[in-house]
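# Report on the structure
What follows is each chain in one-letter form.
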Amino acid sequence: MTRLAMLPALPDAAGTYRWFYADVTAGPYSAVCIFMLGSLFSPRYSVAARRGGRPLEHSAVNFALYHEGVRRLWVLSEYARAELEAPGRLRIGRSTLSYEWDGTVRMAVDDWTAPWGRPVRARLTLEPMTPVGEVVQLMPGLPHYWQALAPRSQARLEVSSLGIEASGLGYHDTNHGGELLGARLSGWHWSRTHREDETVVDYHLPEGVAPLRVVAGARGVRCERGPALGEARPTNITGWGLRVPSRLHAGNMVVGQPKLLESSPFYARLEARQGPLDALGEVADFRRFHSPFIRWMAHFRTRMGRAA
């Protein structure tokens, strides 16, 4: 089974980015953790990249914990550097992402909530049940790529600052690109659904581009680009005016009406559970983020950190 023992190449040129995303579903808890180089949430990088600013100068750690669909913790800290401590270990501030020789993925968050500065110590441990997926180009002709690194994993969530220890299923991927999101790629929405025996990820793209699907299970990891949807699926509009799915799907299977975990002018995170099905989805409108007003608002959900 192919597993990752070292980090993929890190970005260097102005406007480029890479992030490492993981989520864990464990009983009543859900958690999302993202290590970002050239942070997609950074209002500073949105401006600095156009002036030659480098992605590692705008690195960030994002951690969110939810209990039965309600947010308990939010960490979003931006740092002026990131360190590759070993081929398989990345440090941002006091938090680390590690790939071990047996394929285990560990994310250790040691940071503070934004904006109030409450200390948070959390650990996500993912043991892959499937191989690594292939690198796929999201949009023809555009330099934006996605790879499922551990699409179905046994997972453990520990939040020592709240005394939480729970086990369940995990998902892990990486996105990277050669230009700012929003420059030409306007946005996307995607969802990850754990079924009893497999995990399905659907990536929906703008401009009529056929969606991508990854299916991970006992037969390995399959990635395919399916036909465009025959008809538009129903949507809702959030209080910020962002259009989001009114139901989350795994292919053509309806998982259910989602709870809105996060809502902002350019980004939303949703979750739906129904019996053995667990779906987590995200919607992003990157062009909105580059609006000066929305960049100004983003400062209030981010704290500037100092390296340890």
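Data block above holds the structure.
Residues numbered from 1 in each chain as written. Predicted model: local features only at pLDDT ≥ 70, side-chain atom pairs only at ≥ 80, totals over all residues. Heavy atoms only, no water.

### Concerning the overall build of the protein
- In terms of regular secondary structure, the protein is built from 3 helices and 24 strands.
- Within the span of the protein, comprising 308 residues, buried residues form 58% of the whole.
- Pairs at least 24 apart in sequence give 57% of the contacts found in the protein among residues at least 6 apart.
- Accessible surface for the protein amounts to roughly 13100 Å². Of this, 51% is attributable to carbon and sulfur atoms. (Helix = DSSP H or I, 4+ residues; strand = E, 2+ residues; numbered from the N terminus. Buried < 20%, exposed > 50% of the residue type's maximum accessible area, 1.4 Å probe, protein only. Contact = heavy atoms within 4.5 Å. Areas by Shrake-Rupley, 256 points an atom, 1.4 Å probe, with all protein chains shown as cover.)

### Considering the environment of glycine 305
- As for its placement among the helices and strands, glycine 305 is situated in the segment after strand 24 (303-304).
- Overall, glycine 305 belongs to the buried group, its relative accessible area being 13%.
- Taking the C-alpha atoms as reference, glycine 305 lies 7.1 Å from glycine 93; in sequence the two are 212 residues apart.
- In contact with glycine 305, not counting residues within four places along its chain, are Glu78 and Tyr79.

### Quick word on the packing of aromatic side chains
- For the coordinates displayed, the defined rule picks out 12 aromatic pairs.
- Between tyrosine 17 and tryptophan 19 the ring centres are 5.3 Å apart and the planes differ by 20°, which places this aromatic pair in the stacked class. Residues tyrosine 17 and tryptophan 19 agree in their burial class; the two are buried.
- Put simply, the rings of Tyr17, Trp19, Tyr21, Trp146, Tyr171, Trp188, Trp190, Tyr203 and Phe286 pair up and form one aromatic cluster. (Phe/Tyr/Trp six-rings, centres within 6.5 Å; stacked < 30°, edge-to-face > 60°.)

### Focus on the pairing of strand 15 (residues 212-217)
- Counting buried residues along strand 15, 5 of its 6 residues qualify, which places the element largely inside the surrounding structure.
- Here strand 14 (residues 198-204) runs beside strand 15; their pairing, made up of 6 bridges, is antiparallel. Bridging from a neighbouring strand, valine 200 pairs with valine 215 of strand 15.
- As judged from the 6 bridges shared by strand 15 and strand 16 (residues 220-225), these two strands associate in the antiparallel manner. Across the sheet, residue alanine 216 finds its bridge partner in strand 16, namely valine 221. (Pairing = 2+ DSSP bridges.)

### Looking at the pairing of strand 13 (residues 187-194)
- By the criterion of burial, strand 13 is predominantly enclosed, with 7 of the 8 residues buried.
- Sheet topology places strand 13 next to strand 23 (residues 277-285); 8 bridges connect them, and they run antiparallel. Directly across from tryptophan 190, in strand 23, lies its bridge partner glutamate 282.
- In terms of strand pairing, strand 13 meets strand 14 through 6 bridges, oriented antiparallel. Counterpart to tryptophan 190 in the pairing with strand 14 is tyrosine 203.
- From the end of strand 13 to the start of strand 14, which pair antiparallel, there are 3 residues.

### Some remarks on the nonpolar core
- Formed by 38 residues in total, the largest nonpolar core has its most connected members in Trp19, Trp146 and Trp188.
- Residues within four places of tryptophan 146 in sequence aside, it is in contact with Glu134, Val135, Val136, Leu138, Tyr171, Asp173, Thr174, Asn175, Val201, Tyr203, Leu212 and Val214.
- Formed by 35 residues, the second largest nonpolar core is a distinct cluster that contains Cys33, Leu73, Ala82 and Leu149. (Core = buried A, V, L, I, M, F, W, Y, C linked by side-chain atoms within 4.5 Å.)

### Remarks on unusual backbone geometry
- Look at the link from alanine 114 to proline 115: it is a cis peptide, with omega at 0°.
- In this structure, proline 115 sits in the loop between strand 8 (105-112) and strand 9 (119-128).
- For glutamate 68, which is not a glycine, the phi torsion comes out positive at approximately 50°.
- Relative to the assigned elements, glutamate 68 resides in the loop between strand 3 (59-67) and strand 4 (70-79).
- With a phi close to 60°, glutamate 207 is a non-glycine residue in the positive phi region.
- Tracing the chain through its elements places glutamate 207 in the loop between strand 14 and strand 15.

### Let's talk about the side chain of arginine 152
- Mapping arginine 152 onto the fold places it in strand 11 (residues 144-159).
- Within the local environment of arginine 152, its side chain forms a polar contact with the backbone oxygen of arginine 195, the two atoms lying 3.2 Å apart. (Polar contact = N/O pair within 3.5 Å; in protein donor to acceptor, adjacent residues only side chain to side chain.)

### Here we look at the sheet that holds strand 16
- Ordered by their spatial adjacency, 7 strands build an open sheet running 16-15-14-13-23-22-21, and the pairing between neighbours is antiparallel. Edge positions in the sheet fall to strand 16 and strand 21 (259-263), since each of these pairs with one other strand and no more. For this sheet the average axis-to-axis angle between neighbouring strands, irrespective of direction, equals 15°. (Axes fitted to C-alpha atoms, helices over the stretch in contact; angles between N-to-C directions.)

Keep in mind that these numbers describe shape and distance, not what the molecule does.
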